[in-house]
Amino acid sequence: MDRISQLPEHLLLKILSLLPSTKDVVATMVLSKRWQFLWTLVPRLIYDDGNNNITKESFSRFVDRSLLLHVAPVLESLQIKLGEKSSDVDIGVWARTIARRHVRDLVIEIDRTSCTTPAILPKSLYTVSGMLVTLKLKSMVLVDDVASPVSFSSLKILSLDNIKYPGGDESVNRLLTNCPVLEDLFVDRCPDGDNVTVFTVRVPSLKILTMCNKQKTSDDAERVVIDTPSLETLTFDDFTGCVFETEMPNILKADIDIMNNHSEKILCSITPVKDLLLCLYSSKDTYSGGCAFHRLVDFTLCRCDKQWLNLLMCVLRGSPKLRGLKLDQYHGSQANQPSPCWSEPSLVPECLLSSLEILEWADYEGTKEEKEVVEYILRNGSCLKRVTISSKPTDPEEKLEMIKELALSFRRSPVCQLVFN
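All values reported here derive from a predicted model rather than from experimental measurement. (Residues numbered from 1 in each chain as written. Predicted model: local features only at pLDDT ≥ 70, side-chain atom pairs only at ≥ 80, totals over all residues. Heavy atoms only, no water.)

Trainee: What exactly am I supposed to notice about the overall build of the protein chain here?
Mentor: Within the protein chain one finds 10 helices and 19 strands. When each of the 421 residues of the protein chain is scored for burial, the buried share is 47%. Carbon together with sulfur atoms contributes 53% to the accessible area of the protein chain, which is approximately 20200 Å² in total. (Helix = DSSP H or I, 4+ residues; strand = E, 2+ residues; numbered from the N terminus. Buried < 20%, exposed > 50% of the residue type's maximum accessible area, 1.4 Å probe, protein only. Areas by Shrake-Rupley, 256 points an atom, 1.4 Å probe, with all protein chains shown as cover.)

Trainee: Please clarify how the state of the cysteines should be interpreted in this entry.
Mentor: Here a disulfide denotes a covalent bond joining the sulfur atom of one cysteine to the sulfur atom of another. Inspection of every chain in the model, using the stated rule, returns one disulfide. Counting only cysteine sulfurs, Cys351 is the nearest neighbor of Cys383, a cysteine outside any disulfide, at a range of 10.0 Å. Given a relative accessible area of 25%, Cys383 falls into the partly exposed group. (Disulfide = S-S within 2.5 Å.)

Trainee: Help me understand helix 3 (residues 56-69) in this model?
Mentor: In an α-helix, one turn spans 3.6 residues, which is why side chains three or four residues apart end up on the same side. Its 14 residues place the ends of helix 3 20 Å apart at the C-alpha level, agreeing with the 20 Å of an ideal helix rising 1.5 Å per residue. All of the buried residues in helix 3 are Phe59, Ser60, Val63, Ser66 and Leu67. Buried residues of helix 3 fall within an arc of 140° about the axis and therefore sit on the same side. In helix 3, those exposed residues whose orientation departs by more than 90 degrees from the buried face are Arg61, Arg65 and Leu68. (Expected span 1.5 Å × (residues − 1). Arc of directions from axis to C-beta.)

Trainee: Could you clarify how one ought to interpret the pattern of salt bridges in this entry?
Mentor: If charged atoms from side chains of opposite charge come close, those side chains can pair. Applying the stated rule across the entire model yields nine salt bridges. Here Asp194 makes a salt bridge to Arg189, at a shortest N to O gap of 2.8 Å. For Asp194, a relative accessible area of 2% translates into the label buried. Its salt-bridge partner being Glu372, residue Lys368 comes within 2.9 Å of it at the nearest N-O pair. With Lys368 and Glu372 both in helix 9 (residues 368-380) and four residues apart, the pair spans about one turn of that helix. According to the relative accessible area criterion, Glu372 is partly exposed, its value standing at 26%. Through salt bridges with shared partners, a single network forms among Arg202, Asp227 and Glu245. (Salt bridge = Lys/Arg side-chain N within 4 Å of Asp/Glu carboxyl O.)

Trainee: How do you make sense of the side chain of Ser139 when you look at a structure like this?
Mentor: Counting through the fold element by element, Ser139 comes out in strand 5 (residues 134-141). You can call Ser139 buried: its relative accessible area is 14%. A polar contact is formed between the side chain of Ser139 and the backbone oxygen of Ile110, at a distance of 3.3 Å. There is a polar contact of 3.3 Å between the side chain of Ser139 and the side chain of Asn162. Setting aside residues no more than four positions away along its own chain, Ser139 makes contact with Ile110, Ala119, Asp161, Asn162 and Ile163. (Polar contact = N/O pair within 3.5 Å; in protein donor to acceptor, adjacent residues only side chain to side chain. Contact = heavy atoms within 4.5 Å.)

Trainee: Any chance you could explain the pairing of strand 15 (residues 298-302) here in plain terms?
Mentor: If a strand is regular, its side chains alternate between the two faces of the sheet. Among the five residues that make up strand 15, four are buried, leaving the element largely enclosed by the rest of the structure. Here four bridges tie strand 14 (residues 275-280) to strand 15, and the two strands are oriented parallel to one another. Each bridged residue has a counterpart across the sheet, and for Leu276 the counterpart in strand 15 is Phe299. Here strand 15 pairs with strand 16 (residues 324-328) via five bridges, running parallel. The residue bridging Phe299 from the neighbouring strand is Leu325, located in strand 16. (Pairing = 2+ DSSP bridges.)

Trainee: Sorry, what's going on with the packing of aromatic side chains here?
Mentor: Any two aromatic rings considered together are summarised by their centre-to-centre distance and by the angle between their planes. Scanning the entire structure with this criterion turns up six aromatic pairs. Ring geometry for Phe236 and Phe244: centres 5.6 Å apart, planes at 75°, overall edge-to-face. Look at Phe236 and you get buried, because its relative accessible area is 1%. A residue is classified by how much of its surface remains accessible, and Phe244, at 9% relative accessible area, is buried. Three or more aromatic residues joined by ring pairs make a cluster, and in this case those are Trp308, Trp361 and Tyr364. The cationic tip of Arg303 hangs over the ring face of Trp308; the distance from NZ or CZ to the ring centre is 5.9 Å. (Phe/Tyr/Trp six-rings, centres within 6.5 Å; stacked < 30°, edge-to-face > 60°. Lys NZ or Arg CZ within 6 Å of the ring centre and 35° of its normal.)

Take a look at the structure:
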């Protein structure tokens, strides 16, 4: 007996929604009469022309026919992943079809690695803007209509990956201004340029921002402007000048990876943060420690920059509630850079005496400065409960020597557990 077919329709639709592609969903129509038209009501469709065994014509014909036959009153999610087989014309035709389907979540990803002409997002797609809650676009040209600006009145999640904006700065400003309830924004800018001089994110409702900006410039001009007073989570990877116009009192977590001369301005904008990962790669200025992180609990610092010791001590001095400290090296040390200079401070940071419980040190090399810093933290860390050190050298004898040196420092420490990898 076919027990699955006896299930209620809403459960069968749920099962069909879990299949990896619409092609698999449509294939179930041959199972029985009960399943023949069930696929037309599935609220989730996924089209992917990545199958090398299918021609462009066959794929386009399948998408055209299945969209026309689909009759679900609300299309909760539609994902279209296209490569070299599909054309811009196809996208326009499909856009006009789905405009009547009340789409909530829309994803269009285009792989044009070997194509010199980028795909243009058809204006007909903007007719679904009022219903959209999620919009994710990849490798497209976003042409806005100045005469009839689009309002994404319900949009909460927006992803712009490798997008070009013919309208320049104003195109970005109009798009984000017309997203009044936007909460989550992902931006990965085109490394070869996107026609935007200053990318401005001015969204009062935004809570999550992820931005990758690796457009290298010869000057130190500000290429990114952030004005997000409600932000709670920030991931920022920037190789150009950037500025934060407002403080963010609700910020909880920040992952900052920057290569410019505005590090102190950025850090002073996120002082309420509780979880901070920081990498100031090739910074030319010295962080003066003018910011206090009174709520900071977990701090991860990348040691790739020559100023990392100065930055570490400044943050420790300004973080009285710090409980977890991790020292890592994500980018590797810069070639021919001088060793960081360590000078033991006259005053022990409050967090070492009253709150720091966990120390993790990755890629430990056992240099003179590293040994002195470890010994200093072990000696003054009154509340330390666990110390984990992962060494970089693979030579057994070199590792053994490191263990002996750390063991001597460990004896003078109240720490309860030391792990060496």
